[in-house]
Structures are given as structure tokens and as C-alpha cells.
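Each chain is listed here by its residues.
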Amino acid sequence: MKSVLVTGAAGFLGSHLCEYYLKLGYTVIGVDNFCTGLRSNIEVLQKSYPTFQFLEKDVTLDWTDLPAAKNLEFVFHFASPASPPHYQKLALETLWVNSIGLKNALQFADQNFARVVFASTREVYGDPELSPQPESSWGNVNSFGERSCYDEAKRFGEALIYSHNKLRNTKHGLVRIFNTYGPRMNPNDGRVVINFILQALQNSDLTIYGDGKQTRSFCYVSDLINGISAYAASNLTEPMNLGNDKEFTVLELAEIILKNIPSKSRLTFKDLPVDDPKKRRPDLAMAKLHLSGWAPTVNLQEGVSKMAEWVKDYVK
Ligand code: NAD
Ligand code: UDP
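Read on for a plain summary of the structure. (Residues numbered from 1 in each chain as written. Chains lettered and ligands numbered in written order. Predicted model: local features only at pLDDT ≥ 70, side-chain atom pairs only at ≥ 80, totals over all residues. Heavy atoms only, no water.)

### Looking at helix 5 (residues 100-111)
Taking 1.5 Å per residue, 12 residues should reach 16 Å; helix 5 reaches 17 Å between its end C-alpha atoms and fits that length. Among the residues of helix 5, those classed as buried are G101, L102, N104, A105, L106, F108 and A109. Tucked inside the fold, the buried residues of helix 5 contact strand 1 (3-7), strand 4 (72-77), helix 4 (91-97), strand 5 (115-121) and helix 6 (148-168). The positive-phi residue at the C-terminal boundary of helix 5 is F113, with phi of around 55 degrees. (Helix = DSSP H or I, 4+ residues; strand = E, 2+ residues; numbered from the N terminus. Expected span 1.5 Å × (residues − 1). Buried < 20%, exposed > 50% of the residue type's maximum accessible area, 1.4 Å probe, protein only. Contact = heavy atoms within 4.5 Å.)

Here it is in C-alpha cells:
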């Protein structure tokens, strides 16, 4: 039986990734320190899958207490605060988990002849000058500001993988994930889709930061997980964008949410956070070419309705 290890297993993406491989019959080892993840995400997996093992642990500490991993195929290094409010509150932890945590993941993977897939981000492009953003873009990033702890930590992680592969002759890889949403996201996360859904369900006004004309492209979690698993199974070591390439303004997102969730909410406008990128849309040409026919399939209306069902159930 093959196994995979997922850091950040209690998180939004980590828990879906665990479940994807559990369903395929893998043994899955999950590790998390619950700094932003949900205990309920682990309980769901423990209840349904006897081949799921979990260790509560900070992955920046040494990994000698990890359970033995037989036939380890992949190490998914997904542990990291991910939303702007979380990574700004946990700025130093964010820097360490994407550097020291990734170093530990690479070491463990090499000892077990496994391949690391690192969760990088569209934030490596910063406030992009090009739209859509291809992988070849070097980005327009502030190294000394509110988002730098996250953006630069991920850029460091990418550089670490590049040099590690070159000098150690390994085949680790990374995906650049664009705004993804879906069930199991922490209701305190602070990202826009969960905020708007909660606000709509509670009949409180949707908080638009700035004028709401900034754009994002929103990917439903199942589409993203299919892309990540296809990338993991490939031999690729180059960065690859994953997400959905339909672009919406924040105002359009608010409109879709209010159309799909019965609510008395209206809109309220707040200050735009510092360094908030004006536009974001992935160029998915590389992913579509190399990941045997992968493409996102869930539209925003459908995805928002599915996520709202989960949120309703979770907060009741
Ligand atoms: P999340 O906050 O829901 O999950 C992250 C998990 O990592 C949490 O469970 C947290 O407790 C855990 N964690 C953080 N530091 C840790 C440490 N030192 N030791 C052990 N566990 C630790 O966020 P998410 O949206 O699931 O993001 C997962 C990964 O994907 C992150 O690396 C993030 O940067 C990346 N990513 C996510 C998105 C997105 O749209 N969701 C976009 C780009 C990149
Ligand atoms: N945003 C908003 N209202 C909210 C939360 C976020 O208008 O309640 C905006 C935010 O300023 C950004 C966009 O929505 O322009 C996406 O924010 P998110 O935090 O989801 O992710 P980002 O792509 O900025 O990392």
C-alpha cells in the first residue's frame, strides 16, 4: 500500500487533499498544529477512514517523531497561514513554515525517496503588471510590507526547491495556487468568499474593501485538488499555475452571492487593505497542456451554493 504525507492536514486544502488520497486507497499521514486549521476537519477524516493517521505538531520542529512512512510517494507541504488576516497576525510563523518547515519536508521526502509538492501561490506575482499571469512572469512584489511575510516566504520556498533539485538531483515540484474556495474553510479565515457567504447567511452587510473593482479568479476546491494530484503524478519540477481563469470583480462576486443565498444583506464599503493587488487571473495554458486534459469545471454560482450549504451546517 502506498502512502502520502500532508502538512496542514487540518486546513482547508490539506483536508481535501488527504481525503482525495484516502479515497484512492492510500495510507495518509496528516500533520498540523491547528494554528489556523479546524479540529473538525481532522475528525471527519478520522471517522471515515481507518487508514488516516494524524499527528499534532509544528512542522518547523524536527520530524523524528513522525510515524514511519511505508512506500511514501508524495509529501504535500501545505502547512502555512494563507489568508491575509491570518498571515499578518502570524507573520513570523508564516516565514518559518515556508522555509524551515519546507526544509524539513524536503529532508523527510529525500530520506523516504518521495516527491515534495509545495503549495506556492499567485502572490509570487504580487500586484501584477501582466494579465493573465503566466508562470514566466517574475512578479511585482513588495519585499518590505504587510503582505511580504507571505509573498516572500513563498518566493523563498520556490527558490529552495529550485536549488535543492539542482544540487541534490531530486524532482520536487510546486504549484502556484490562485484564490480557491469551498467547504472546510475556517469561518474566521477572513478571505472574501467565506466572509461574504457568512455575512449573507447572517443578513449583515457584505464588506467591500475599496471600490470593489479589483478582480480575482475563484476556483472551486475539487477542481484545484484534481489539478494538484495530476501535477504530483507528473515528473514536472517547474512552477505551475492552478486555479480558474474566469475573472470577477469583488462587486460581481458580491452580486452572485446575494443572488444565490436568500438574504437581506446590502453592501458596505471599507478601506482597501495596503498592497491589495488590483487584478488577478491565472494563465492556465501550461496546466492545460501538461496535466492531461485538466481544466476547472465548477462555475462560481454552483461552487458558492455548495460552499454555502457547508457553512450553514457548520455554524448552526
Ligand atoms: P488553511 O489556513 O486553511 O490551512 C493551513 C494549515 O496549515 C492549517 O491547518 C494550519 O493550522 C496549518 N499550519 C500552519 N503552520 C503550521 C505549522 N508550523 N505546523 C503545522 N501546521 C501548520 O489554508 P489553506 O487555504 O488550506 O492553504 C493551504 C496551503 O495552500 C498554504 O500553504 C497556502 O499558502 C496555500 N495556498 C492556498 C490558497 C487558497 O486559495 N486556499 C491560495 C494560494 C496558496
Ligand atoms: N475583500 C473584500 N471584502 C472582504 C474580504 C476581502 O472586499 O470581506 C477583498 C480584498 O480586499 C481583495 C479580494 O477581496 O481585494 C480578495 O481577498 P482575499 O483576502 O480573499 O484574498 P487575496 O487574493 O487578497 O489574498
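### Considerations on the pairing of strand 3 (residues 52-56)
With 5 bridges connecting them, strand 2 (residues 27-32) and strand 3 associate as parallel partners. Residue pairing in the sheet places D32 in a bridge with E56 of strand 3. As a crossover connection, the stretch from strand 2 through helix 2 (residues 39-48) into strand 3 is right-handed. (Pairing = 2+ DSSP bridges. Right-handed = clockwise from strand over helix to strand, strands pointing away.)

### Some words on the packing of aromatic side chains
Across all of its chains, the model carries 13 aromatic pairs by this definition. Note on Y21 and Y26: the rings are 5.1 Å apart at their centroids and 80 degrees apart in plane angle, and the pair reads as edge-to-face. Looking at Y26, the relative accessible area reads 13%, which means it is buried. Arranged with centres 5.4 Å apart and planes meeting at 55 degrees, the rings of W63 and F108 form a pair that is tilted. Within this pair, whereas W63 is found in the loop between strand 3 and strand 4, its partner F108 is found in helix 5, the two being separated by 45 residues in sequence. As far as the burial class goes, W63 and F108 line up, both buried. Among the aromatic residues, those joined into a cluster by ring pairs are Y20, Y21, Y26, F74, F76 and F78. Note that R39 overlies the ring of F34, its terminal NZ or CZ placed 3.9 Å from the centroid. (Phe/Tyr/Trp six-rings, centres within 6.5 Å; stacked < 30°, edge-to-face > 60°. Lys NZ or Arg CZ within 6 Å of the ring centre and 35° of its normal.)

### Observations concerning unusual backbone geometry
With glycine set apart, most residues show a phi of negative sign, and most peptide bonds adopt trans. With an omega of -5 degrees, the peptide bond running from S131 to P132 counts as cis. Inspection of the secondary structure assignment puts P132 in the loop between strand 5 and helix 6. Here the phi dihedral of N71 falls at roughly 45 degrees; this positive angle occurs in a residue that is not glycine. Relative to the elements of secondary structure, N71 occurs in the loop between strand 3 and strand 4. The phi torsion at S292 lies on the positive side, around 25 degrees, for a residue other than glycine.

### Some thoughts on the pairing of strand 4
The buried count for strand 4 comes to 5 of 6 residues, which makes it a mostly enclosed element. By the bridge criterion, 5 bridges tie strand 1 to strand 4 in an arrangement that is parallel. Of the residues in strand 4, the one forming a bridge with V4 is F74.

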